[in-house]
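# Structural description and commentary
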Amino acid sequence: MVALGLLNSTSARPCVATGAWRQPIRCVTRTGSVQRNAAAALKATVQPRALGLAALPAPRPQRLSVQQRKEPVVARSAAGSQVAEITPDDEDPAKGFLGIAKITWRKIVPLGFMFFCILFNYTILRDTKDVLVVTAPGSGAEIIPFLKTWVNLPAAIGFTVLYAKLSNIMNTEQLFYTCIFPFIAFFGAFAYILYPLRDTLHPTQFANKLLETAGPRFAGPIAILRNWTFCVFYVMAELWGSVVVSLLFWGFANQITTVSEAKQFYPLFGLGANVALIFSGRTVVYFSQKRASLAPGVDGWAQSLQGLMGLVVIGGLLVAGTYWWLQRSVVPGVVAKLPPKPKKHKEHLTIGESFTFLAKSPYIRDLAALVVAYGISINLVEVTWKSKIKQQFPNPNDYSSFMGNFSTATGAVTFAMMLLSRFVFRKFGWGMAALITPTVLLVTGVIFFALVLFGAPLDPMLATWGLTPLMAAVLVGAAQNVFSKSSKYSLFDPCKEMAYIPLDQETQLKGKAAIDVVCNPLGKSGGALIQQVMIVSFGSLAASTPYLGAILLAIVLFWMKSANSLDKQFTGVPLIGSVPSLWVRLF
């Protein structure tokens, strides 16, 4: 058996090494550069196991030649082929592009492309799901609170249970594919199988009899049963945002990105993503106009769905393919240069134990409070706004076209906000950036509710502008959603993801699963439940509007309090490595 290292007659010391068969080996190692190079090579070979590559056999000590000592560190895949190498030139920002090291570009550009495709899909799915359930027979915007409370939330909790179990038996790469491919398969099957068979699959006659027996108060829950395939599509589209965007993408990005890189690039990820938002909005408008130009008797909506879902399938496959390439061409080399994170003993916790573990951390609780508060706040305004859209645009073509234009406007405004966000982070810090979103939502929400409540007296003034109170409410609600979502994408989401980075891997993995997959739907379902209680108590959504405005104020104030609390903890969390404070590294 060959010993590790070379014998140096002037600087040598005895050691004991362990071989591939756990047999003790007497060897000598050379101090200085040879020892460091051997350790670095061994680390680069073994480290990728943590990020989902297949398990590697125990490395057999080998003698390093003079030529090998001069070569850069090379990471290899499980098959042993060379997949990435890190040279001094790769790590030198001066020799990179725009003062950024080549190794950083090799991971940031593919991550940006993944985010582009994911957000392109999400915008199409978000606009399509609203058109499906709001314009479906026997349905309306009133179905949304019931969907979010009684269907979407249980589905999110069920996914979290399944994800926690799978995370104990699968590596990261297997878990990624297991989560994303069912989404791709479902959206393709919906357009080409489920929607064409909707008349056969939907229990329309049974729903009509049930509505006659139960009365109009139960029209919302009965509409879920009547159009159950549309509701499943709605839930899957909602889960795409929680699972693929928040859990899979950001979880992967946090694993291979340093804090300094996150500070520099996380706000800019949204630039490419919002270009996708603009393109996807125009795509929805294009298919909406195409439906309107078809001959009578032709199911244009079915053709539109096939085109839109075809693009979603292609986008999903591009995401999976980019992730596969990163795992084999970039990740092994990146892991070798990341600062080590504190490791904890791996324990297989039950679901209840996992939530108890997370609930003990004030840091995680405050982070969860931010996500839940956003979900409740945006939902209190959004459902009322969508009911006004249906009144103004009862035709599905017009509704879909309006939503496409809304998505385009959201992308354009968010693009500008992304450029501004870097200045906000550098000038004012994490805490101020986290407070901008609730402030924007509060101000615009107050204006929207005021217009809904007091729109009639403004009728003569609005008429001079060519507007009705209904159309004015639709436009103000659209502006409220545009500015709220743009501040969320450009500031709230980067703040939230930065807050995960200092956590250890176990807390990061299970914390993201609980917060992003459960707390996000919990916030939306909480807002929906509040609306259901208000509707039952006061008889209609319009009658409960003043009380919804007061609840919005209370939720946003709680949101701001939690953001201040998290800011104090975030700026005091020790950065993993030699830097004592995360505040020093970020700002």
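Structural notes, computed from the coordinates.

Taken as a whole, this structure holds 29 aromatic pairs when the rule is applied. Ring geometry for Phe187 versus Trp240: centroids 6.3 Å apart, planes at 70°, classification edge-to-face. In this pair, Phe187 is assigned in helix α6 (residues 172–194) and Trp240 in helix α10 (residues 228–256), connecting sequence segments 53 residues apart. Across this residue pair, the class does not change: Phe187 and Trp240 are buried. Between Tyr195 and Phe230, the ring centres sit 5.8 Å apart and the planes meet at 20°, which makes this aromatic pair stacked. Linking Tyr195 in the loop between α6 and α7 (198–201) with Phe230 in helix α10, this pair joins segments that are 35 residues apart in sequence. Under the relative-accessibility criterion, Phe230 is labelled buried at 6%.

Turning to the packing of helix α8 (residues 204–214) against helix α9 (residues 219–226), a few remarks are in order. One way to put it is that α8 packs onto α9 with a least axis distance of 9 Å and a crossing angle of 170°. Judged by the angle between their axes, α8 and α9 are roughly antiparallel. Between α8 and α9 lies a crossing of right-handed hand. In this structure, α8 uses Thr204, Phe206, Ala207, Asn208, Leu210, Leu211 and Ala214 to contact α9, whose residues at the interface are Ala219, Ile222, Leu225 and Arg226. Along the lines of polarity and charge, the residues of the contact of α8 with α9 split into 8 nonpolar, 2 polar and 1 charged.

With that settled, the discussion passes to α10. The terminal C-alpha atoms of α10, which comprises 29 residues, lie 40 Å apart, in line with the 42 Å expected from a rise of 1.5 Å per residue. Along α10, the largest kink reaches about 30° and is centred on Leu239. Of all 29 residues in α10, 27 are buried; the element is thus mostly enclosed.

We now examine the nonpolar core. Counting residues in hydrophobic clusters, the biggest one holds 137 residues, and the most contacted among them are Leu111, Phe187, Trp240, Met309 and Trp385. In terms of residue count, the dominant contributor to this core is α10 (19 residues). Beyond its immediate stretch of four places on either side in the chain, Leu111 contacts Phe249, Phe252, Ala253, Ile256, Thr257, Phe269 and Leu326.

Another aspect to go through is the pattern of salt bridges. Any two side chains of opposite charge can pair, given that their charged atoms come close. Following the criterion strictly, the structure yields 9 salt bridges and no others. Where Asp127 meets Arg126, a salt bridge forms, and the shortest distance between an N and an O atom there is 3.9 Å. Exposure class is identical for Asp127 and Arg126. Each is buried. The salt bridge partner of Lys129 is Asp130, with a shortest N-O separation of 3.2 Å. Exposure remark for Lys129: the relative accessible area of 3% places this residue in the buried category. Shared partners join several salt bridges into a network, and the residues in it are Lys129, Asp130, Lys148, Glu238, Glu382, Lys386 and Lys485.

Rules behind the numbers
- Residues numbered from 1 in each chain as written.
- Predicted model: local features only at pLDDT ≥ 70, side-chain atom pairs only at ≥ 80, totals over all residues.
- Heavy atoms only, no water.
- Phe/Tyr/Trp six-rings, centres within 6.5 Å; stacked < 30°, edge-to-face > 60°.
- Helix = DSSP H or I, 4+ residues; strand = E, 2+ residues; numbered from the N terminus.
- Buried < 20%, exposed > 50% of the residue type's maximum accessible area, 1.4 Å probe, protein only.
- Axes fitted to C-alpha atoms, helices over the stretch in contact; angles between N-to-C directions.
- Parallel < 35°, antiparallel > 145°, perpendicular 65-115°, else oblique.
- Left-handed = near helix turned anticlockwise from the far one by under 90°.
- Contact = heavy atoms within 4.5 Å.
- Nonpolar A, V, L, I, M, F, W, Y, C, P; charged D, E, K, R; others polar.
- Expected span 1.5 Å × (residues − 1).
- Bend = angle between axes of the 7 residues up to and from the residue.
- Core = buried A, V, L, I, M, F, W, Y, C linked by side-chain atoms within 4.5 Å.
- Salt bridge = Lys/Arg side-chain N within 4 Å of Asp/Glu carboxyl O.

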